[in-house]
Every structure is written in C-alpha cells, then in structure tokens.
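# Breakdown of the fold
Now for the letters of each chain:
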Amino acid sequence: MDATVTISDERPTTGLWNDPTLPASDRARALLGVMTTAEKIAQLGSTWPGHEGGGDVAPMQDTFRGAECFEDAIVDGLGHLTRVFGTAPLAPEAGRERLAALQERVVAANRFRIPALSHEECLTGLNAWQATVYPTPLAWAATFNPGLTRRMAAAIGSDMAAVGVHQGLSPVVDVVRDYRWGRVEETLGEDPYLVSELGLAYVQGLQSAGVVATLKHFAGYSASRAARNHAPAALGPRELADVVLVPFEKAVVKGRVGSVMNAYNDIDGVPCGADEHLLTQLLRDAWGFEGTVVSDYWAVAFLASLHHVAADIPEAARAALQAGIDVELPHTTAYGQALVDHGVPMDLLDRAALRVLTQKAELGLLDPDWRPGQYTAPADFDSARNRGIARALAEESVVLLDNASAARRQPHAGQGLPLTGVRSVAVIGPAADDAHCLFGCYSFPNHVLPHNPATPMGIEAPTVLDAIRREFPDALVHHETGCQVTGDDRGGIEAAVAAAGTADVTVLVVGDRSGLFGLGSSGEGCDVGDLTLPGVQDELVEAVLGAARRTILVIVSGRPYAIGRHARAADATVQAFFPGEEGAAAIAGVLSGRLNPSGRLPVQIPGDTAGQPGTYLAPPLALRSDGVSNIDPTPAFPFGHGLSYTSFAIEDARADMDTIAVDGSVRVRATISNTGSRQGTSVPQLYLTDPVASVTRPVRQLIGFTRVELAAGETRTVEFEVHADMTSFTGRDLRRRVEPGRIVLTVAQSAGDPGRSVEVELRGGTRVVDHTRTMTTAVTILPG
C-alpha cells in the first residue's frame, strides 16, 4: 500500500495505518506520527450524543451541561461514542442505524476517517431496549459456574458486535467488603477467588465476540468507609493486595482484558484517578497490561470538584493523564485543548493516543474496508438463545437457605418445600407482583425506562405472582402487596395477614427494588445504614409469619439482609439475587420441586446482631471471640451455603503426598455422594487454612470449587490440583510469598461446614512470587 501522506490535504488521508497485515502497534505508531496535536487530543475524548442531562443515568450528571455539542466534539476525530443504545428507548434496528449515522459524521469530520469506539453498559446484558435482562452478577456468582457465565458474556458480546458496539463497561470485579454498599448487587461476591474465576470467565466470553471488556472499578471502590458510595476506602496494603486486587490481576494476566476503568474513591488520601502507582506502575509495569484505561464517568473532573487534589479542571486533566487514564468518559470536559494550553508534556499525550489508536487498529477500525453501515442488527436482542442462557443462570442461582425449619421446632408446623398438593396459596409482599424487583440497577428497565414512563418494558418478564399461577394451575392464588419496598405505609399489612390466615400456604416475597442514586433500595448510590429489610417489610414478615399456617419466605434482593430470625420462623427460606427476566419461573420451579435448587451463597447472610463491615474472609479475632467482644459476627447462613432436595456427603478426603516443596503441587481427592432420593448438584468447595503465618491469615479461604451432577445414590471423586502458589499472601515486606509450614486443605459444602480435611507440609525456604504465579486450582471430576 502507498504510504505517501500529504499533511496539508484536508481530504481523507491514507497510509501504513490502513494496512491490516501490519501489527496493530506499528499501524498506530505510523498514524500517530502524522497527526496534529489537536487530532491526538481528539482521540482521548468522548461525547454522549442525544443525552441532555435529563434523568439520572449516571452520577452527578449535571457535569454534562459543560459538554460540547456533537458537531463541535467530533472536530478532528473522537475517541469514544457513549451509550447510543443505553440512553433512550431504541429498537435494535433503529439503534444500529443511529449508531451508523453518528459514525458517518465522526469519520467525515477527520482527515484520517477514524471512527470512534462505541461503548455500552452490559452488566446484566446489553443495556438497550428490548434486550435480554440477565440475572445480576451476584446471581452469576451464586451459580459457582464460570462456564455458564462465559456463555452468557459471549452471547452479550455477539449482540453488541452485531450492531457496531466495540466496548462493554463490564465486569465489576470489586470484592464485597460491606453488605450495606448499594452496588453489592453488581459484584460477584465477597471471596476474591470466586470473583476472579467468574470475572475472568466474563472477560473471556465478551472478548471472544470481539468486544473489549472493561474491568471495574480499579480499585478499592467496594471498601468505602461506612459503605458510602464514592467514600474513601479504608484499606491496608495487604488487604488491598490479597483481597481487592486479586480479580483485577487475574483478568489482566490470564484474560488479557482490553480495558480498565478507574474507581471513584481514594485509598489513603490518593484518588484512584490520580494514582500513578496504581494505574501505571502496578497495572502496566508489573502486570503487563497493554489496553486502555478509561475514566469512570466524570472521574477526571471529580479530582478537582470532589477530591480537591487539583485546583481546576486543567490541573485535574494533567494529573489523570500523568497517572495513566487514557480516555475521558462519558464526554470531554477535561481532555481538550486545555491539555496543551496548560503545559501537559507531549510524551504523555502521545502515550495515551497511541494506546487508543492501537486498540482501534486491533478492532479493525483502521482497516480500509471498514464502513459504519457494515453491521447488521440481530433480528431479536431477546432471542431464544439469550433467554435460554438467562433461564439456566436464574435456575442455577436460586439458593435454598433453609427447609422445614419451623417443623423442627414445632411438631405441628408445615413441611417446608417443595410444595405439593396445595389448594390455596397467598402470595404476599411488595416484590411478588413487580417485574422490576427481578432486575439490577444497570438493566434497561430499571436504568433508563423510569425516565420514559410511557414506554413499555420491551421484554416478557413474568412476575413471581405470574409464575406461581402458572406453576400451580389448580391452586386458588390470592395476592396482597402488604406494603411497598420502601416507605412507611403499613395500610396493607392487615389485609396481608388476613389472606395468610386462610390459605394452605403463604409465599411471602420481600426484598429490593433496584434503582439509582436513592431511587431504589439497592443499586448505585442506594447505600443503607443497616441490614434490616427496607421500609416496613420486617413488620410485614413478622405479622404474616404469626398468622400463616405454612410460610415460604422468598427474598429477592441485591444484597444479603439479616433475615435469620425470619428464617427460623418460616417453614422454608429461599434467596434469589435479582434473577432477571427468567427469574420468576426459576423461583416458582424451586417452590414446586420442578427444579432442584443448586445455588450457593456468594455472600453470607449476616446474623441478627452481626456488625458491619464483616465477611467470612477473616482472621480469628474478626470472627466470634467470646470474652473479647460482645458482638457476635457469626452469620445466619455461611458463605457457600445452599441446600438441595436431596442430600450429599463428602468422604474419604486424601492427599497424594503429605509433604511438598514450596514450589510444588499436591492433589487432594474426596468422594462426593448423593445420599438422597433424587438427582441433584453438589458444589464441593476447597478451603485453605494456614495455622501459623508471619501475618494474620483468614481462618478459611476458598481456593477451589466445582459443580458435580449426581443421580440418586451416585458417587464421584473430585480431584483438586493445588499448587503451592495458592497458599501465597503478602508478607510484612509487602511482597507476595509462599511460606514453609503446615497448611490444612478442607473439602466442604460451605465455609461453615466442617467438611473433610487433609494436612500438607510445605518445605523449603520462603519463596517470593509475582503475577506469573499459578492463580487457579484445576479441578477434575473422576468416576466414583
């Protein structure tokens, strides 16, 4: 191809950057070398076309009012187009056409005809009207099934790629540190190993479709003080390294993720958006990250307006660029001409522009045959394929917390689940007949449609009440709301109590309705001070439990609530974390016994008096310590817990050797038996205990898991291959180390289950490891 360039020509210019046979980095360097300063700056910015600041779909969006109009924003090119689909209701074909038209204008405005990267939210599926609403990430985590998460992400990615979307702002790999935080629903739970395995699977799935995944939020966002959104993170260096950073590291090193988004918070006084150690020295220099770092929405401006570490927006821009933020989202307020006017070094500008151009070359956006209209919208964003995956996720995510619990204490109480032969059912509660209670805050129905009240939901999403009527067609079903999710209106409780008192069985459905910035009981900006059920739902539950003959308590929520006392009084208790459009049928299927529940808790259910913050991943003195503290943090239901309609036994745990080197491996085997009368899924979990170490260590830490399908009476052997690297932790010198000494490996059904243990001795000198270490425990399922 002719590489001749005429810089003065205002018409489209071609060169080596258009040659798809060359490495992407070489193409990007060739293009960077002939660009003007203004053209380079343009690649670092973004614009949000059509969004005029109406309706809270992003935090503190009044900042938007200082943005340029679209025509001004695309002069000399553009880095990103923000949420063409995820801002207002557009049918798939209309959205595709609009995106193509916008790209035509972008490429026409710059002499190299460089298109913008188009990004969308995709946490519970593509955030677009008429698109599948998958379960929320906390529900994916409850499946303990990375393969299914990978399938879902690949399906999401294929829908996005088909309409010209290049980047998805997911997954959230923040590890839960405080259940009161509003964004718990967006996470993959409280264990760094579980989060890292599911997060890696999502990255692999999305990027297999040619869509760039974006890790959020780097780092410490979920460790904010008092669980307040954007608040400073209370983190020591070892907690940061061994808990918070683990999922990011794995997705970068093993998943080669294409993008990372900074967190809003500060850590020990340094905002993440201005932290060069975090965004450059650790992420790039130590871990080898080669993609782009994008700002969380308005995070660059926030360095001045909220954090006060910059005197003004230009100073904030310089700090962010120096730290390593390459692209400002969702529109350009700081990364404009002010970068040059205020003396930003050209090497920093070139560094960021080169990363953006390299990514565009990798995505084919610099290829000579790329055209804005080359994408074809799928016939259906909510296809049978998508719904099938959503259904499987929902079904595997429902957790049976307790069953026949009241019967164990009261001889004449009901039998629990499954429900059979019921003639009348009272379905009670604010989450029973509201499909929005099935969705997370980044679903289109909960994120955008509240600002478009005349627009239909666009998907079929039966409520729990609908699903119960379908599941029990011969039963008389009566519904009472009882109360709202939030607020203090108790006017419906009396009718709910009356209905419960006359029905054979009462299904009491309580929990959350997700929203944004205080408009929901869960979701971004919807933090809480305690873990009682929202509004007056606790009062409703207590009243109904006192009146009903047989009560099945169902919690549909975005965070775990302290419902232990209610569970003790109910005949059975079911937990579903926002299970998506297919979630109601999954819940009803568990109630009837059509589905044998296999979900496991990715966050523990806190006890009645448990203080916060507190998760299972804790050293001895953070757990129950009689004589030391009067507060008992013991959970009502532990991490990893979940019951079935059959029973499982773990037996005969053994290791293939009792001593290994500090760089060796050991195979741990255990037999898993279905000792009940029907087929079911066991979820054996492998926990590490390090009895004596140079720093305090968790009493138990998950390092492996799998799912095992077993017929009644069947036995299989599960083998975990544990490398010594899986015992590593950050020492006093802040280097990750494998220490010699005794470790205990326990195969159990939850973090609270005694399970079956083996002891192994690690021998040799202390060994320092880094990002090249083994990060996953391989699991093999063998014949019994």
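Residues numbered from 1 in each chain as written. Predicted model: local features only at pLDDT ≥ 70, side-chain atom pairs only at ≥ 80, totals over all residues. Heavy atoms only, no water.

## As for the overall build of the protein
- Scanning the protein for helices and strands turns up 22 helices and 29 strands.
- A compact globule built from 784 residues should have a C-alpha radius of gyration of about 28 Å, and the protein, at 27 Å, falls within 12% of that.
- The buried share of the protein, reckoned over its 784 residues, is 62%.
- Considering only intrachain contacts with a sequence separation of at least 6, the fraction spanning at least 24 residues in the protein is 78%.
- Of the accessible surface of the protein, which amounts to about 26,500 Å², a share of 49% is contributed by carbon and sulfur atoms.
- If the 64 positive side-chain charges of the protein are averaged to one point and the 92 negative ones to another, these points end up 5 Å apart. (Helix = DSSP H or I, 4+ residues; strand = E, 2+ residues; numbered from the N terminus. Rg over C-alpha atoms; globule rule 2.2 N^0.38 Å. Buried < 20%, exposed > 50% of the residue type's maximum accessible area, 1.4 Å probe, protein only. Contact = heavy atoms within 4.5 Å. Areas by Shrake-Rupley, 256 points an atom, 1.4 Å probe, with all protein chains shown as cover. Lys, Arg positive; Asp, Glu negative; His and termini not counted. Charge placed at Lys NZ, Arg CZ, Asp CG, Glu CD.)

## Quick look at the packing of helix α8 (residues 237–244) against helix α9 (residues 246–253)
- Between α8 and α9, whose axes approach to 5 Å, the crossing angle comes to 50°. Of the possible angle classes, the one that applies to α8 and α9 is oblique. Across from Ala241, Asp242, Val243 and Val244 in α8, the residues of α9 making contact are Val246, Pro247 and Phe248.
- Here the residues of the contact of α8 with α9 are counted per class, giving six nonpolar, no polar and one charged. (Axes fitted to C-alpha atoms, helices over the stretch in contact; angles between N-to-C directions. Parallel < 35°, antiparallel > 145°, perpendicular 65-115°, else oblique. Nonpolar A, V, L, I, M, F, W, Y, C, P; charged D, E, K, R; others polar.)

## Structural notes on the sheet that holds strand β29 (residues 778–783)
- Strands sit in the order β16-β18-β23-β29 across an open sheet of four strands; the sheet is antiparallel. A strand with exactly one partner marks an edge of an open sheet, and here the two such strands are β16 (648–655) and β29. Mean inter-strand twist for the sheet, computed between neighbouring axes without regard to direction, equals 25°.
- Bridge count between β16 and strand β18 (residues 665–674): six bridges; the pairing is antiparallel. Paired with Glu651 across the bridge in β18 is Thr671. (Pairing = 2+ DSSP bridges.)

## Some details on the packing of helix α7 (residues 192–208) against α9
- Two elements in contact, α7 and α9, have axes whose closest approach is 8 Å; the angle formed by their N-to-C orientations is 30°. Viewed along their axes, α7 and α9 form a crossing whose handedness is right-handed. Touching Pro192, Tyr193, Val195, Ser196, Glu197, Leu200 and Val203 of α7 are Val246, Pro247, Lys250 and Ala251, all from α9.
- In terms of residue class, the contact of α7 with α9 is built from eight nonpolar, one polar and two charged. (Left-handed = near helix turned anticlockwise from the far one by under 90°.)

## Quick look at helix α18 (residues 464–471)
- Within α18, the full set of buried residues consists of Val464, Leu465, Ala467 and Ile468. Along α18, the residues classed as buried sweep out an arc of 160° about the axis, all on the same side.
- Structurally, α18 contributes buried residues whose contacts are with β11 (424–428), β12 (476–480), β13 (505–511) and α22 (583–592). (Arc of directions from axis to C-beta.)

## Looking at the side chain of Asn18
- Within the fold, Asn18 resides in the segment before α1 (24–32).
- Engagement of the side chain of Asn18 in a polar contact is seen with the backbone oxygen of Leu366, the distance being 2.9 Å. (Polar contact = N/O pair within 3.5 Å; in protein donor to acceptor, adjacent residues only side chain to side chain.)

## Some thoughts on the packing of aromatic side chains
- Here the structure, examined in full by the defined rule, presents 16 aromatic pairs.
- Ring pairs connect the aromatic residues Phe144, Tyr193, Tyr616, Phe639, Tyr687 and Phe705, which therefore count as one cluster.
- Sitting over the ring of Tyr687, Arg700 keeps its end group 5.5 Å from the ring centre. (Phe/Tyr/Trp six-rings, centres within 6.5 Å; stacked < 30°, edge-to-face > 60°. Lys NZ or Arg CZ within 6 Å of the ring centre and 35° of its normal.)

## Considering unusual backbone geometry
- A cis amide bond links Lys216 with the next residue in sequence, His217, at an omega value of -5°.
- Examined against the element boundaries, His217 turns out to sit in strand β5 (residues 212–218).
- Between Phe218 and the following residue, Ala219, the backbone shows a cis peptide bond with an omega angle of 0°.
- Residue position: Ala219 is located in the loop between β5 and α8.
- Here Gln130, not a glycine, exhibits a phi torsion of approximately 70°, which is positive.

## A closer look at the sheet that holds strand β24 (residues 729–730)
- The antiparallel open sheet is built from three strands, whose spatial order is β24-β25-β28. Single-partner strands in this sheet number two, and they are β24 and β28 (767–768).
- The sheet contact formed by β24 and strand β25 (residues 736–738) spans two bridges and is antiparallel. Bridge pairing links Thr730 to Arg736 in β25.

## Overview of empty space enclosed by the protein
- One pass over the structure, following the stated rule, counts five cavities of 30 Å³ or more.
- Its volume calculated, the second largest cavity comes out at about 60 Å³.
- Surrounding the second largest cavity, Asp690, Val692, Thr727, Phe729, Glu739, Pro740, Gly741, Arg742, Ile743 and Leu762 form its lining.
- If one sorts the elements of the lining of the second largest cavity by residue count, strand β26 (residues 741–748) sits on top with three residues.
- Class assignment for the residues of the lining of the second largest cavity results in five nonpolar, two polar and three charged. (1 Å grid on protein atoms, 1.4 Å probe; cavity = no way out; pocket = protein on both sides within 12 Å on 5 of 7 lines; lining within 4 Å. Points joined across faces, edges and corners; volume = space filled by probe spheres on them.)

## What about the pattern of salt bridges?
- Using the criterion set out here, one finds 42 salt bridges in the structure.
- Close ionic contact of Arg513 with Asp434 constitutes a salt bridge, the shortest N to O distance being 2.6 Å. Here the residue Arg513 occupies a position in the loop between β13 and α20 (537–547), and Asp434 occupies one in the loop between β11 and α17 (444–447), the gap between them amounting to 79 residues.
- Look at Asp434 and you get buried, because its relative accessible area is 18%.
- Among the ionic pairs, Glu542 bridges to Arg565, the shortest N-O distance being 3.4 Å. Residue Glu542 is located in helix α20, and its partner Arg565 is located in helix α21 (residues 564–569); the two are separated by 23 residues in the primary sequence. (Salt bridge = Lys/Arg side-chain N within 4 Å of Asp/Glu carboxyl O.)

## Things to note about the nonpolar core
- Among the nonpolar cores identified, the biggest contains 190 residues, and Phe218, Tyr335 and Leu745 are the most heavily contacted of them.
- Considering each element in turn, this core owes the most residues, eight residues, to helix α14 (residues 346–362).
- Apart from residues lying up to four places away in sequence, Tyr335 is in contact with Ile41, Leu44, Val300, Ala317, Ala320, Leu321, Ile325, Asp326, Val327 and Glu328.
- In this structure, Val133, Val422, Ala588 and Val590 belong to the second largest nonpolar core, which totals 43 residues. (Core = buried A, V, L, I, M, F, W, Y, C linked by side-chain atoms within 4.5 Å.)

## What to know about the side chain of Arg284
- By secondary structure assignment, the location of Arg284 is in helix α10 (residues 276–286).
- According to the relative accessible area criterion, Arg284 is buried, its value standing at 10%.
- Sequence-distant contacts of Arg284, that is, excluding residues within four places in its chain, are made with Leu279, Phe289, Glu290, Gly291, Thr292, Val293, Asp326 and Arg355.

## A short note on the pairing of strand β23 (residues 715–723)
- Here β18 runs beside β23; their pairing, made up of nine bridges, is antiparallel. Within β23, the residue paired with Ser665 across the bridge is His723.
- Both β23 and β29 contribute to a ladder of six bridges, which runs antiparallel. Looking at β29, one finds that Glu721 is bridged to Ala778.

## Brief notes about α8
- Buried within α8 we find Leu240, Asp242, Val243 and Val244.
- Tucked into the core, α8 has its buried residues touching α7, α9, β7 (266–267), β24 and β25.

## Observations concerning the environment of Leu734
- Note that Leu734 resides in the loop between β24 and β25.
- Taking C-alpha positions, Leu734 is 33 Å from Leu329, a pair spaced 405 residues apart along the chain.
- For Leu734, the residues in contact, after removing those within four places along its chain, are Pro237 and Arg238.

## With respect to the state of the cysteines
- Applying the stated criterion across every chain yields a total of zero disulfides.
- Cys272 takes part in no disulfide bond, and the closest cysteine sulfur, belonging to Cys441, lies 20 Å away.
- Here Cys437 stays unpaired: no disulfide links it, and the sulfur of Cys483, its closest cysteine neighbor, is 11 Å away. (Disulfide = S-S within 2.5 Å.)

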